[in-house]
Structures are given as C-alpha cells and as structure tokens.
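One-letter residues, chain by chain:
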Amino acid sequence: MLANVVKSILYVLPAYVANGSPVVGVRFLGRRTPIDLGARAWDGRRVLGDGKTIEGLIIGVSLGTLTGLILYLCGNPGGHRAALEPLLLALGAMLGDILGSFVKRRIGLRRGQPAPCLDQLGFLVAALALSSLVYGLPSWMDSSTLLLLLVVTGLLHLGTNYLAYLLGLKREPY
Ligand code: CTP
Ligand code: MG
C-alpha cells in the first residue's frame, strides 16, 4: 500500500513540478505575459487573469516533462509507460490549472482568491485525465491508492504554498 502511494507520487511528479515551478520561474524570469493577453469574457471579467502567464505555461510544461524524463531514464520508479507520458501529465496539469482559473473568473473570484479543492486538486485530476486518455490509468493504481494520492496531494499543495508564501514567492499563503 505505502509502496503504491510512493510510486503514485513519483508517477504524478511531472504534474507536481509543472504546477509548482511557474511560481518560482516567473519570479526569476521577470517577464509576465498573460495567456489571455488581458482579454475579458462575456461577463466583463478577465478570461483567465494575470496569474496564468505564457512564461509560466512554458516553464511548467518543460520542467515537468524534464523531471519525468529523468525519472524514466533512471530506472523508471514512477512506472511511466512511455517517454511521452510525463509530457501528458505536465501538459494536463497546466491545462487543468488554466481551466480552474477560467472557472474561478466566471464565478466571480478574483486572481489569487481561494477555491478550495479546485486550487489543490484540479491540476492533478486534469493531469490524470489526459494521461489516461492515451494510456489509461496505470494498472497498479487502484482506487484506494488514488484516494490517498488525492489526500497527499491536497496536503502537499497546502504545505508547499505556505512555504512559498513564507519565502516571499507567493502573495497568498494558500
Ligand atoms: N503562474 C504563471 N503561469 C501559469 C501558472 C502560474 O505565471 N500558467 C504563476 C503566477 O505568478 C501565479 C503563481 O504562479 O500567480 C501561482 O499560481 P496560481 O496559484 O495557480 O495562480 P493565482 O495567482 O492564484 O491565480 P488564480 O486565482 O487564477 O488561480
Ligand atoms: Mg492561487
């Protein structure tokens, strides 16, 4: 059981790195081009908002994929079934994050306002959905492992975001 949870964390590591690296990367890059280029939707609010940048998207997909490729080439402890799988996990995580911001703006939440569960787990669900579309869920990832992975991810997300806040990388502690 514990071994499966550790394996599942290594499996979704490309998604974790994709989700987390833009916070640091964009800060050091110093360039921020909003994906929506400032456009507003039918409701007058921003389509995505300033928290979703092209630079962040590129950094997240690249570093997430790279992380998975390194794992894949170093004994494949995450059980990826192809070299392409980390790319799908990283891309899925970033698309899920973008979709989450789209939903947040449509329900009237401003950039950075919390959306419990969506903020913590949306990226992971989208990453698993995209990789599953191509490869299916890994056979060893049973429902209890999946459930534990969601709980661990939620806690890790809250913990790392708080750390990023303490380090002055994020404006909000969540
Ligand atoms: N980020 C980025 N580009 C992305 C994703 C994230 O530049 N595609 C950076 C932004 O600096 C963002 C930070 O990572 O502020 C944290 O991401 P997140 O919490 O997802 O964004 P929020 O600012 O909270 O915005 P939203 O309310 O839209 O989620
Ligand atoms: Mg946020």
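Read on for a plain summary of the structure. (Residues numbered from 1 in each chain as written. Chains lettered and ligands numbered in written order. Predicted model: local features only at pLDDT ≥ 70, side-chain atom pairs only at ≥ 80, totals over all residues. Heavy atoms only, no water.)

Regarding the overall build of the protein chain
Secondary structure assignment for the protein chain yields 6 helices and 0 strands. Listed by position from the N terminus, the elements making up the protein chain come as α-α-α-α-α-α. On C-alpha atoms alone, the protein chain measures out to a radius of gyration of 16 Å, which is about the 16 Å that the 2.2 N^0.38 rule sets for 174 residues. Taken along the three principal axes of its C-alpha coordinates, the protein chain extends 45 × 35 × 30 Å. (Helix = DSSP H or I, 4+ residues; strand = E, 2+ residues; numbered from the N terminus. Rg over C-alpha atoms; globule rule 2.2 N^0.38 Å.)

Structural notes on the side chain of N161
Looking at where N161 falls in the secondary structure, it is placed in helix α6 (residues 143-166). The contacts of N161, once residues within four sequence positions are left out, are K170, E172, P173 and Y174. (Contact = heavy atoms within 4.5 Å.)

Some details on the packing of aromatic side chains
Going through the model one piece at a time under the given rule, you end up with 4 aromatic pairs. Ring geometry for W42 and F102: centres 6.2 Å apart, planes at 65°, overall edge-to-face. Separated by 60 residues along the polypeptide, W42 in the loop between α2 (13-29) and α3 (54-73) and F102 in helix α4 (residues 85-106) bring together distant segments of the chain. Looking at W42, the relative accessible area reads 71%, which means it is exposed. Positioned above the aromatic ring of W42, the side-chain terminus of R106 is 5.4 Å from the ring centre. Sitting above the plane of the F102 ring, R106 keeps its charged end 4.9 Å from the centroid. (Phe/Tyr/Trp six-rings, centres within 6.5 Å; stacked < 30°, edge-to-face > 60°. Buried < 20%, exposed > 50% of the residue type's maximum accessible area, 1.4 Å probe, protein only. Lys NZ or Arg CZ within 6 Å of the ring centre and 35° of its normal.)

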